[in-house]
Amino acid sequence: MIVDFSKIERLVKDAVPPTDADLDFILEKALVGRGLTLEDAAALLSIVDAGQKKLLYASAKALKVRLFGARVVLFAPLYLSNRCVNSCVYCAFSAGNKAAQGGRRSLTPKEAAREARAIEAMGFKRILLVTGEDPALGLDYLISCVNAVYENTGIRIIHVNAPPMEGAEFKALKAAGVGVYQSFQETYHEKTYARVHPGGKKRDFAYRLSTMDRALSAGFNDVGMGPLLGLYDYKYECLSAISHSTHLYEKFGTHAHTVSIPRLRPALGAALKDAPCPVTDEELKKSAAVLRLAIPPAGIVVSTREPAALRAELLHCGATQLSAGSRTNPGGYAEESTIEQFSTNDKRSLSEVMTAIAKDGFLPSLCTTCYRVGRVGHEFTEKTVSGGMAKLCQANAILTLKEYISDVKLNNRLSVEKDALVNMLASSIEEIEDQTLKKAVLKKLKEIDSGKRDLYF
Ligand code: SAM
Ligand code: SF4
């Protein structure tokens, strides 16, 4: 069984906020970094007291910094196609969406490479390819786009958010050099799932739920998951995601590499106008914090669906990855003409987001190392929970920030941005405790000054 849904239902129904003594006990256990039971997670999700929430967030932040350092990983999504045979009631790409007719578009591999070049010019090194489900395009199309981006740009790693597939297809996608396979369950509540997915291949709940098992069995090392928050009770969704990830750990030795926490956004012409179970900002923060503590090695991803101020707060609650400068319409980085999947809430550029992160005491990172040196799957999970990743993450973030400052023409009017990034770079170097590592970092920084690129630990 991938997730024991009747247990999750029971836990949500019975959960009560912890006493202060219970909270201390659970948080102490969480800070060991080996995760939490579903019972503990359910108790934390039930917290309503402001003081208890503060303790929860502080613990999540402390664990994040201990495991990954102060770095925040940045990436951009690249939407390939808004053609789709499914009829998800919340999505603008939905097959029957009249508002989308005329705005349907699938990029050619050449156009995908052009989009990737625009993203690269902003300073990104990793992209997430995203696509609707159109059998007419198929896996060969996706792989052609992956190849075109690798062959024609300096993008260092490509991840993919694509519909569930069969083992043989996963094998081919992995062989094309894709790092993480990502797919969101949307909702773990089967009846709700049936209601919001009335048509198309995506109707099959069990097939979607088992896709991570197929991906990992087929040789993918890292997978990304997430509930689409707002469709059903957020506690149920978070506990299910924790349980799903724990299943993967027990079966494959690796937790979910990332857990995204997207909240439903307005989508042009979508049948679903309002979230049936709206999730408040505080509930989203609790979700991020509990996921961090319950699945310590997982990256917690926050997209531009959320506004800037809340994204900043989420970084203080355990989130570790942000998308930035995103366009959710195919071709949107080079042009503006096609249908967006949903409207974004944070329109800042990458440099603005990086500056804000730095000013807030975090270290913006464009690192892509682990996937490329094989620090993946089980090895990544164990290295992270045993505390071995933090100094590597910090060092690699420093190197990529240095490249960014050297290579990307920051708008002159915004020299303030450059100052914030330069100051963060200097203080992060200063903070390296391991003197041997510090020496090695300084050496690589000099090499970057003399023109070398793509250096890492
Ligand atoms: N088509 C594939 C699928 O559905 O799995 C992959 C890409 S889909 C474009 C990416 C994700 O966007 C979906 O899994 C869903 O969680 C999210 N999404 C769709 N509509 C949304 C909306 N209105 N607001 C926020 N997120 C949305
Ligand atoms: Fe298609 Fe994905 Fe949108 Fe559903 S969420 S309509 S599958 S693109």
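Residues numbered from 1 in each chain as written. Chains lettered and ligands numbered in written order. Predicted model: local features only at pLDDT ≥ 70, side-chain atom pairs only at ≥ 80, totals over all residues. Heavy atoms only, no water.

## Quick look at the pattern of salt bridges
Note the cut-off: A pair is scored as a salt bridge if a Lys or Arg side-chain nitrogen falls within 4 Å of a carboxyl oxygen belonging to Asp or Glu. Numbered from the N terminus, helices here are DSSP runs of H or I no shorter than four residues, and strands are runs of E no shorter than two. Each residue's exposure class comes from its accessible area (1.4 Å probe, protein chains only) as a fraction of the maximum for that residue type: buried when under 20%, exposed when over 50%, partly exposed otherwise.
Across all of its chains, the model carries 25 salt bridges by this definition. For Asp407, the salt bridge identified is with Arg453, shortest N-O distance 2.7 Å. Here Asp407, found in helix H17 (residues 390-407), pairs with Arg453, found in the segment after helix H19 (435-449); they are 46 residues apart in sequence, far enough to count as distant. Residue Arg453 is classed as partly exposed on the basis of its relative accessible area of 30%. Here the residues in one salt-bridge network are Lys125, Arg156, Arg372, Glu403 and Asp454, joined through shared partners.

## Observations concerning a negative patch on the surface
Counted only if it meets this: Like charges within 9 Å and nonpolar side chains (Val, Leu, Ile, Met, Phe, Trp, Tyr) within 5 Å are joined into patches, using only residues over 30% in relative accessible area that form no salt bridge. Per-residue and other accessible areas follow the Shrake-Rupley method at a 1.4 Å probe size, with only the shown protein chains counted as cover for residues. Only four residue types enter the charge count: Lys and Arg as positive, Asp and Glu as negative, with His and the chain ends excluded. By convention, the point assigned to a charge is CZ for Arg, NZ for Lys, CD for Glu and CG for Asp.
Taken together, the side chains of Asp20, Asp24, Glu28 and Asp49 define an acidic patch exposed on the protein surface. Mapped onto the elements of the fold, Asp49 is located in the loop between helix H3 (38-45) and helix H4 (50-68).

## What about the environment of Thr131?
We count it as follows: Here a residue-residue contact requires only that any non-hydrogen atoms of the pair lie within 4.5 Å.
Relative to the elements of secondary structure, Thr131 occurs in strand E2 (residues 126-131). For the pair Thr131 and Asn161, spaced 30 residues apart in sequence, the C-alpha separation works out to 6.8 Å. The residues touching Thr131, leaving out its near neighbours within four places in the chain, are Leu80, Ser81, Leu142, Asn161, Ala162 and Pro163.

## Regarding the domain arrangement of the chain
The criterion, for reference: Each domain's limits were defined by an automated method or a database of domain assignments. Reported buried area values correspond to the accessible surface (1.4 Å probe) lost by two parts on association, with both partners' losses combined. Here a polar contact is recorded for every N or O atom pair within 3.5 Å, except that within protein the pair must consist of a potential hydrogen donor and a potential acceptor, and residues adjacent in sequence are included only if both atoms are side-chain atoms. Under the convention adopted here, Pro, Cys and the residues Ala, Val, Leu, Ile, Met, Phe, Trp and Tyr are nonpolar, Asp, Glu, Lys and Arg are charged, and Gly plus all remaining residues are polar.
For the chain, the assigned domains read domain 1 (66-346) and domain 2 (372-449). Here the C-alpha centre of domain 2 lies 26 Å away from the C-alpha centre of domain 1. Summed over both sides, the interface of domain 1 with domain 2 buries roughly 1,600 Å², with 59% coming from carbon and sulfur. Put simply, domain 1 and domain 2 have two salt bridges between them. At the junction of domain 1 and domain 2, the tally comes to nine residue pairs in polar contact (both at pLDDT 80 or more). At the level of secondary structure, the elements contributing two or more residues to the side of domain 1 that touches domain 2 comprise H4 and helix H5 (109-122). Among the elements that line the side of domain 1 that touches domain 2, the one with the most residues is H4, at three residues. A class-by-class count of the residues in the side of domain 1 that touches domain 2 yields nine nonpolar, seven polar and five charged.

## Re the site of ligand 2
Basically, it comes down to this: We call a residue near a molecule or strand whenever a single non-hydrogen atom of that residue lies within 4 Å of it. Using a 1 Å grid laid over the protein atoms alone, points where a 1.4 Å probe fits but cannot get out form a cavity; open sets with protein on both sides within 12 Å along at least 5 of 7 lines form a pocket; any residue with an atom within 4 Å of a point counts as lining. A molecule is said to be in a cavity or pocket once over half of its atoms fall within 2 Å of that pocket's grid points.
Near ligand 2 the following residues occur: Cys84, Asn86, Cys88, Tyr90, Cys91, Phe93, Ser94, Gly132, Lys202 and Gln341. The cavity that encloses ligand 2 is the largest cavity. The residue inventory of the shell around ligand 2, partitioned by class, reads five nonpolar, four polar and one charged.

## Remarks on the site of ligand 1
With respect to spatial proximity, 18 residues lie near ligand 1, and among them Tyr90, Glu186, Lys202, Arg208 and Gln341 are the closest. Contact distances for ligand 1 include 2.8 Å between an oxygen atom and a side-chain N or O atom of Lys202. Within the side chain of Arg305, an N or O atom sits 2.9 Å from a nitrogen atom of ligand 1. Here ligand 1 loses 97% of its free accessible area of 560 Å² to cover by the protein chains. Of the pockets mapped on this structure, ligand 1 occupies the largest cavity. Its residues assigned to classes, the shell around ligand 1 comprises eight nonpolar, four polar and six charged.

## Side note on the pairing of E2
Operational definition: Here, strands pair whenever DSSP counts at least two bridges between them. With the strands pointing away from the viewer, any crossover whose connection runs clockwise from the first strand over the helix to the second is right-handed.
Burial runs high along E2: six of the six residues are buried. The two faces of E2 match: Arg126, Leu128 and Val130 on one face and Ile127, Leu129 and Thr131 on the other face are all buried. Pairing between strand E1 (residues 71-81) and E2: five bridges, direction parallel. Across the sheet, the residue bridging to Ala76 is Ile127, located in E2. Tracing the backbone out of E1, into H5 and back to the parallel element E2 gives a crossover that is right-handed. Judged from the five bridges that link them, E2 and strand E3 (residues 157-161) form a sheet pairing that is parallel. From the neighbouring strand, Leu129 faces E3, where its bridge partner is Val160. For the crossover that starts at E2, traverses helix H6 (residues 138-152) and ends in the parallel E3, the hand is right-handed.

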